[in-house]
Structure formats: structure tokens, C-alpha cells
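Observations on the model geometry
Take a look at the letters that make up each chain.
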Amino acid sequence: MTILRSVWQKLSGKHSAAKTTASNPTLPKAAALTLASVSPIAKTSKDNLPYQYLPLWQLLNQRQLIEVKVEGSSLTYQTLILAIDVQRGLLWLDDLFPNQHVLEIGDQISLRHHRNGEQLSFSSPILAWGSNYGANGLAIILPDHLLYTPRRQFRRADMGDKPSLSLKLRAIGQDISYGSVLDISSGGLRASVPGNMLGQLRHGALLPLCEFTLSDELTIRCSARVRSFRLLRTPHRHTQVSIEFIDLPVERAQQLQQFINNFIYLQQPQEQQTLRSA
């Protein structure tokens, strides 16, 4: 809620206004007027947008559908961009389809759009429902950086020969499960967890804990999202889980990428030597 409070302080211009946000979704009058000014019929000029927001302008101009997922659940919706308010740091979205009845102010949603093998994705909290202010849709925080990236943009290191690389995972409402990392990138990993985990996992589910240690100087601890999973019965019964890191600090992600680059580099001479001997 800290980020919501700071945003509403900026919107309303009053420090006291922020104190009511967490407890009461009915925002101060000044903030309501600010939101009402971001109307669905507002025209967003390409010339006035910073370069990093041009992908959003293209989606707005072309009326492209965007996929919306709810953090920690498998719920999926679609929406359109209605307005981009750079001055106030707001992105105004159309009403979600199909209609939803479970989201609240402060809930985190993920938005994604695919284009020719690339994807644009970011997460942001819901700031307000337009219906409370005589408008359609909902307002979220405008992300700082946006860029289409290849769907497989991360180099992936095969850790299958290092069974000692153990992993801790915890699903919501479940005890910690222990497994081993099969392969890893700076964006996520694939792991093997002994036993049948199918009853504890679902696609898109939030994992509050993902922890593993790569060296004495590098321990990764973050939340993650389930991307896929399957039960295998050979060579023993285990569940393979693919997950995506969702709140890994930039510094840790860079350290992880450097570890992966070094690991792949050191693997190459061994692979070349194996090919020569064959």
C-alpha cells in the first residue's frame, strides 16, 4: 500500500489524502476530480509521449486487445488502453472482459501483448475503478519502462549435472517443498520436485517463496509465478515445474545473469572436448 499512498499524495496534492487510501476505496474529492479528468475520450498525442511509451500508444491507436492476469490466480481477462496520462503517471484501461467481481483497489495485475514472436509485459496495481468517478474502466500505475522483448530472451544454463543445486518453493497455503534446479535463466527456472505436486499448483499461481544458493556470495530469494508443470514417473515419480521470477531485484538479476554467462562459457570447452573424443 505504500506505493499507492505515494501516488495518491501526488494526485491529490494533500498528504492527508493518502492516509485514507488503504482503509477506504472512496478517494478524496481532489483525487476523484483528477481521475475524472482522464476520460476515455481523451486524445493521446504521439508527439507528447516519451519514447518508452510508444508501444502503449501503438496499442491504443490500433485498438489492440491486451491480456490481463490477476496476480496469484489463474483468472485471465482482456482489455483495451483508453488513455495514457504521463503527467500523473496513470494508464487508463477499458472495463475487463469478461466482467470481473473479485478485484479490489490495490490488487496487482499483469498485462501482456504478443507481437511476431515478441512480448510486452508489465505488472501494476489497480488504483481506481472508473465507475466511481463517472468513467469507464480502471486506472493503474503507468510503468517506468516498456519494451518488446523476444519471448525466449534469456540465456538458459543446463544445471542437470549439478544435482546439489537445491531449491525451496512454497505455494500459498502450503508447506515448503524442496527440489533441484534443472535449468535456469535470469528470468526463471525449471525444477524437479519429488512426488506429486499437481494438487498444490495451478498455472499462473503465485509462489511467495523461491530460494536457492548458487555460491557463497549469491543466494536468490524472491517470489515466482508458475508457468507450467507436469508429473513424471521415470526415473522416479516427480513433478517438473517451470517458474518465472516476478520480483527479483535488478542487482540480483544482473548477478544471476553473470553467473549464467560464466557457467555457459565454462561448459563450452567440456562440450567441445566431448565432441572431439567422440
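Residues numbered from 1 in each chain as written. Predicted model: local features only at pLDDT ≥ 70, side-chain atom pairs only at ≥ 80, totals over all residues. Heavy atoms only, no water.

**Section: the nonpolar core**
- Ile184, Leu189, Cys210 and Phe212 are the most contacted members of the largest nonpolar core, which totals 31 residues.
- Considering each element in turn, this core owes the most residues, 5 residues, to strand β14 (residues 218-232).
- For Ile184, the residues in contact, after removing those within four places along its chain, are Arg155, Arg156, Ala157, Met159, Leu189, Phe212, Leu256 and Ile260.
- One finds Leu91, Leu93, Leu103 and Ile109 within the second-largest nonpolar core, a separate group that totals 28 residues. (Core = buried A, V, L, I, M, F, W, Y, C linked by side-chain atoms within 4.5 Å. Buried < 20%, exposed > 50% of the residue type's maximum accessible area, 1.4 Å probe, protein only. Helix = DSSP H or I, 4+ residues; strand = E, 2+ residues; numbered from the N terminus. Contact = heavy atoms within 4.5 Å.)

**A short note on helix α4 (residues 54-61)**
- In terms of residue burial, α4 counts as a mostly covered element, since 6 of its 8 residues are buried.
- Taken together, the buried positions of α4 are Leu54, Pro55, Leu56, Trp57, Leu59 and Leu60.
- The inward-facing, buried residues of α4 contact β1 (66-70), β3 (81-85), β4 (90-93), β5 (108-115) and β6 (118-129).
- Just downstream of α4, Arg63 is the residue with a positive phi angle, here 55°.

**Details of the packing of aromatic side chains**
- According to the stated counting rule, one finds 2 aromatic pairs in the structure shown.
- Here the aromatic rings of Phe259 and Phe263 are separated by 6.2 Å at their centres, their planes lie at 20°, and the arrangement is stacked. Of the two residues, Phe259 and Phe263 are both situated in helix α5 (residues 250-277); the distance of 4 residues between them amounts to about one turn of the helix.
- Residue classification places Phe263 among the buried positions, given a relative accessible area of 15%. (Phe/Tyr/Trp six-rings, centres within 6.5 Å; stacked < 30°, edge-to-face > 60°.)

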